[in-house]
Amino acid sequence: MNTKVGYGIALALLLVAPFMIYPVFLMKLLCFALFACAFNLILGYGGLLSFGHAAFFGGAAYITGHVIKVWGLPTELGLLVGAGSAAALGYLIGMLAIRRQGIYFAMITLALAQMVYFIFISADFTGGENGLQGVPRGYALGIFDLQDNLTMYYFVLAVFVIGFLIIARAVYSPFGQILGAIRDNEDRATSLGYDVDRYKHLAFVLSAALAGLAGSTKTVVFQLASLTDVHWHTSGEVVLMTLLGGLGTIAGPAVGAGVIVTLQNYLASGPLGAWVPVVLGTIFVVCVLAFRRGIIGELHAMLKKSF
Amino acid sequence: MNDTAKYILETESLTKEFKGFTAVDDVNLKVKRHDIHALIGPNGAGKTTVFNLLTKFLVPTRGTIKVNGTDITASKPAEISRMGVIRSFQISAVFPHMTARENVRVALQRKLGTSFHFWKPLSSLNVLNERADELLHMVGLERFTDSVVGDMPYGRKRALEIATTLALEPELMLLDEPTQGMGREDVERITQLIRKVSKDRTILMVEHNLGVVSTLCDRITVLQRGAILTEGNYDEVSSDPRVKEAYMGKAA
Ligand SMILES: Nc1ncnc2c1ncn2[C@@H]1O[C@H](COP(=O)(O)OP(=O)(O)OP(=O)(O)O)[C@@H](O)[C@H]1O
Ligand SMILES: [Mg+2]
């Protein structure tokens, strides 16, 4: 019940936020929040550290940009095509990576994501160093002009809420139950007759699809897909957001993303601009050493203790 | 009666080598249907390795394994489980972050066929609660239904493991030291429980507690340095001087 109230308040805040805070910043925040929540599905709930999620985020960003700008698809369809391609890419990368454990999984996802990066850097349609620019935002449902930032914001909020609900449902579903069992005790899950790799693979594909949806939405907001989106830095950032917010908590990664994006924004415009990576690195270290459970995880623990 | 009808499990020349070290050496094991069959032997004799081979957690170096006459040597662990051969582990194998009921439900869920359904609510699993609670009751865990398993006492975890295994209605249960690390009361409870659930199924168990073996088991196979030393019922095996020697060393 408490969590329901919490989500209600959060949603209310998100609904009024654009009247107080610059909507484009909020939209960026929501895109990365969705990205981190999607990532958490495989790291927090699947127990697999993917170091290549930029391939899904950035890959979908480019594909959505292309199909909207060049093929002229409507915005919603463009997002679906982006998420769908990320799912397909996730299926392929998952096929190669899912059998590996621990650090080998991280390494192979990183290597494959780097391949994707090089493909995008050399492909013609991506615009190379300049990125894919001038993607029209289009109209939501064919009528609402997304060129208006406020309209765009509510569109992004809707995408975020849908994505978030899909993730929450997947976690609290029959499938999520088996995924949790596998994370708890993989051998036992096997001995009960579950082909654990197939469950991890599905989690990976879902995670990739929703990471893709986040990337696609980002393209529409900024009307741009760029190499930053597919760069391994982005893969690293999402790990940081998830850990900071709280691994394996539904809302944690969104909070972590909020903190990181906010920091990046304020630091970058201030005198500390050049120090952003150092500050983020320090946060990462402190987080790993002192707040293992992340912001939301520590809050949970504190609430549990005080009742 | 032919062999397939008589024996649920047969191995032929089952062998496992680890980098030149032979942990399981040419084992021909036959387990009769509806028996409680014990696999005993000193530490490091290769008992757990045999279990790992039978359930394909390890790939045999040589030899074949047949379940109900079907060669399963090339099958995958999860497939073997789906054939009705379910194992437990030497260290208690539960899902510590879930409640006792959820643990049992994980096993029951497979037959429901919705295990890949990520769009269905968790409440769709509630149809399994009744059966889960029945199984928990059977192993005396009704008080623990909603307890998170990680905090439960060790003996209770092992009981839960048996309930979870039973949820799959296994034809053949492989239990690796089900009473290890337990106090006397727990040992007694688990012994009773194994006897109770052995009706209509076959059990192959590794057990160090010879008291448990003598009260429960129809047939005993003694393993030493990976090879079968002898086989028989409790009286035959316990009076065999080679068995005493294997357990106590040359001096005895
Ligand atoms: N994966 C492995 N790699 C190398 N050696 C192994 C491996 N697994 C087991 N062994 C060795 O094989 C031998 C048999 O081990 P196993 O665990 O099967 O014995 P056990 O009979 O179950 O003993 P215990 O009564 O202590 O459980 C031991 O010497 C062990 O060190
Ligand atoms: Mg053992």
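Criteria and cut-off values
- Residues numbered from 1 in each chain as written.
- Chains lettered and ligands numbered in written order.
- Predicted model: local features only at pLDDT ≥ 70, side-chain atom pairs only at ≥ 80, totals over all residues.
- Heavy atoms only, no water.
- Helix = DSSP H or I, 4+ residues; strand = E, 2+ residues; numbered from the N terminus.
- Rg over C-alpha atoms; globule rule 2.2 N^0.38 Å.
- Buried < 20%, exposed > 50% of the residue type's maximum accessible area, 1.4 Å probe, protein only.
- Axes fitted to C-alpha atoms, helices over the stretch in contact; angles between N-to-C directions.
- Parallel < 35°, antiparallel > 145°, perpendicular 65-115°, else oblique.
- Nonpolar A, V, L, I, M, F, W, Y, C, P; charged D, E, K, R; others polar.
- Near = heavy atom within 4 Å.
- Polar contact = N/O pair within 3.5 Å; in protein donor to acceptor, adjacent residues only side chain to side chain.
- Left-handed = near helix turned anticlockwise from the far one by under 90°.
- Contact = heavy atoms within 4.5 Å.
- 1 Å grid on protein atoms, 1.4 Å probe; cavity = no way out; pocket = protein on both sides within 12 Å on 5 of 7 lines; lining within 4 Å.
- Points joined across faces, edges and corners; volume = space filled by probe spheres on them.
- Buried area = accessible area lost by both parts, 1.4 Å probe.
- Salt bridge = Lys/Arg side-chain N within 4 Å of Asp/Glu carboxyl O.
- Expected span 1.5 Å × (residues − 1).
- Patch = residues over 30% accessible without salt bridge, like charges linked within 9 Å, V, L, I, M, F, W, Y side chains within 5 Å.
- Areas by Shrake-Rupley, 256 points an atom, 1.4 Å probe, with all protein chains shown as cover.
- Core = buried A, V, L, I, M, F, W, Y, C linked by side-chain atoms within 4.5 Å.
- Domains from an automatic or database assignment.
- pLDDT = per-residue confidence, 0-100.

## Some details on the overall build of chain A
Step number 1: A count of helical and extended segments in chain A gives 14 helices and four strands.
Step number 2: Its C-alpha radius of gyration of 19 Å places chain A within 12% of the 19 Å reference for a compact globule of 307 residues.
Step number 3: On the principal axes, the C-alpha backbone points of chain A span a range of 50 × 45 × 40 Å.
Step number 4: Taken over 307 residues, chain A has a buried fraction of 54%.

## Let's talk about the packing of helix α2 (residues 23–43) of chain A against helix α9 (residues 196–222) of chain A
Residue and element names in this part refer to chain A.
Step number 1: Relative orientation of the contacting elements α2 and α9 amounts to 170 degrees, with a least axis distance of 7 Å. Taken as axis vectors, α2 and α9 run roughly antiparallel relative to one another.
Step number 2: Across the contact of α2 with α9, the residue classes break down as 18 nonpolar, two polar and three charged.

## Focus: the site of ligand 1
Residue and element names in this part refer to chain B.
Step number 1: What surrounds ligand 1 is a group of 13 residues, the closest being Gly-44, Gly-46, Lys-47, Thr-48 and Thr-49.
Step number 2: The contact in question runs from an oxygen atom of ligand 1 to an N or O atom on the side chain of Thr-49, over 2.5 Å.
Step number 3: Contacts to ligand 1 include His-208, whose side-chain N or O atom sits 3.0 Å from an oxygen atom.
Step number 4: Looking at the shell around ligand 1, the elements with two or more residues in it are β2 (21–27) and α2 (47–54).
Step number 5: In terms of residues, the shell around ligand 1 owes the most to one element, α2, which gives three residues.

## As for the packing of helix α7 (residues 174–184) of chain A against helix α4 (residues 100–112) of chain B
Step number 1: Their axes nearest at 10 Å, the elements α7 of chain A and α4 of chain B cross at an angle of 115 degrees. Regarding the angle of α7 of chain A to α4 of chain B, the classification is roughly perpendicular. Seen along the crossing, α7 of chain A lies across α4 of chain B with a hand that is left-handed. Seen from α7 of chain A, the contacting residues are Pro-174, Phe-175, Gln-177, Ile-178 and Ala-181 of chain A; seen from α4 of chain B, they are Glu-102, Arg-105, Val-106 and Gln-109 of chain B.
Step number 2: The class makeup of the residues in the contact of α7 of chain A with α4 of chain B is five nonpolar, two polar and two charged.

## Digging into the layout of surface pockets
Residue and element names in this part refer to chain A.
Step number 1: A volume near 700 Å³ is recorded for the second largest pocket.
Step number 2: Those elements that place two or more of their residues in the lining of the second largest pocket are α2, α9, α10 (227–230), α11 (232–245) and α13 (276–290).
Step number 3: If one sorts the elements of the lining of the second largest pocket by residue count, α11 sits on top with eight residues.

## With respect to the interface of chain B and chain A
Step number 1: With 36 residues of chain B at the interface, the matching set in chain A holds 25 residues.
Step number 2: For the pair chain B and chain A, the two sides together bury roughly 2700 Å², of which 63% comes from carbon and sulfur.
Step number 3: Summed over the three residues of chain B that lose the most area to chain A, namely Phe-95, Phe-116 and Phe-118 of chain B, the buried surface amounts to 27% of that side.
Step number 4: Counting across the chain B and chain A interface gives one salt bridge.
Step number 5: One salt bridge connects Asp-195 of chain A with Arg-82 of chain B, and the closest N-O pair in it is separated by 3.3 Å.

## Things to note about helix α6 (residues 154–166) of chain B
Given 3.6 residues per turn, any residue in an α-helix points the same way as the ones three and four places further on.
Step number 1: Across its 13 residues, α6 of chain B extends 19 Å between first and last C-alpha, which sits within 8% of the 18 Å expected from 1.5 Å per residue.
Step number 2: Counted residue by residue, α6 of chain B has twelve buried out of 13 residues, so it is predominantly covered.
Step number 3: Buried residues of α6 of chain B: Gly-155, Arg-156, Lys-157, Arg-158, Ala-159, Leu-160, Glu-161, Ile-162, Ala-163, Thr-164, Thr-165 and Leu-166 of chain B, and no others.
Step number 4: In this structure, the buried side of α6 of chain B is in contact with α8 (186–191) of chain A together with β7 (85–87), α4, α5 (129–138), β8 (172–176) and α7 (184–197) of chain B.

## Section: a nonpolar patch on the surface
Step number 1: Together, Val-5, Ile-9, Leu-11, Leu-13, Leu-15, Val-16, Phe-19, Met-20, Ile-21 and Tyr-22 of chain A make up an exposed nonpolar region whose accessible area comes to about 1000 Å².
Step number 2: Mapping Leu-15 of chain A onto the fold places it in helix α1 (residues 2–16).

## Here's the deal with the pattern of salt bridges
Step number 1: The full count for this structure, using the stated rule, is 16 salt bridges over all chains.
Step number 2: Its salt-bridge partner being Arg-99 of chain A, residue Asp-197 of chain A comes within 3.6 Å of it at the nearest N-O pair. Remark: Arg-99 of chain A occurs in the loop between α4 (75–97) and α5 (102–122) and Asp-197 of chain A occurs in helix α9; sequence separation between them is 98 residues.
Step number 3: Asp-195 of chain A serves as the salt-bridge partner of Arg-198 of chain A, at 3.9 Å between the closest nitrogen and oxygen.
Step number 4: On the basis of relative accessible area, Asp-195 of chain A is assigned to the buried category, the value being 17%.
Step number 5: Each member of the salt-bridge network shares a partner with another, and the members are Asp-195 and Arg-198 of chain A together with Arg-82 of chain B.

## Focus: the environment of Phe-118 of chain A
Residues and elements named next belong to chain A.
Step number 1: Structurally, Phe-118 is set in helix α5.
Step number 2: The partly exposed category is assigned to Phe-118, whose relative accessible area is 48%.
Step number 3: A sequence separation of 109 residues divides Phe-118 from Leu-227, and the C-alpha atoms of the two residues are 9.8 Å apart.

## What about the nonpolar core?
Step number 1: Of all hydrophobic cores here, the largest spans 146 residues; its most connected members are Val-104, Leu-160, Ile-194 and Met-205 of chain B.
Step number 2: Of all the elements, α2 of chain A adds the most residues to this core, at 18 residues.
Step number 3: Taken domain by domain, the makeup of this core includes at least three residues from each of domain 1 (1–84 + 171–187 + 201–252) and domain 2 (97–169) of chain B.
Step number 4: Residues within four places of Ile-194 of chain B in sequence aside, it is in contact with Ile-36, Ile-162, Leu-175, Pro-178, Ile-203, Met-205 and Leu-216 of chain B.
Step number 5: Formed by 23 residues, the second largest nonpolar core is a distinct cluster that contains Val-24, Leu-54, Leu-204 and Leu-223 of chain B.

## Some remarks on the confidence of the model for chain B
Step number 1: Summarising the model, chain B shows a mean pLDDT of 89, and 96% of its residues fall at 70 or more.
Step number 2: The ipTM assigned to the predicted complex is 0.87, against a pTM of 0.89.

## Some words on the domain arrangement of chain B
Residue and element names in this part refer to chain B.
Step number 1: What the domain assignment lists for chain B is domain 1 (1–84 + 171–187 + 201–252) and domain 2 (97–169).
Step number 2: Once you take the C-alpha centre of each, domain 1 and domain 2 turn out to be 28 Å apart.
Step number 3: Listed per partner, the contact involves twelve residues of domain 1 and nine residues of domain 2.
Step number 4: Both faces considered, domain 1 and domain 2 share a buried interface measuring about 840 Å² in area, 55% of it formed by carbon and sulfur atoms.
Step number 5: The largest per-residue losses of area from domain 1 upon contact with domain 2 belong to Met-173, Met-182 and Arg-201, which jointly make up 41% of the total buried on that side.
Step number 6: Where domain 1 touches domain 2, the interface holds one residue pair in polar contact (both at pLDDT 80 or more).
Step number 7: Among the elements of the structure, α3 (77–82) and β8 are those that each provide at least two residues to the side of domain 1 that touches domain 2.

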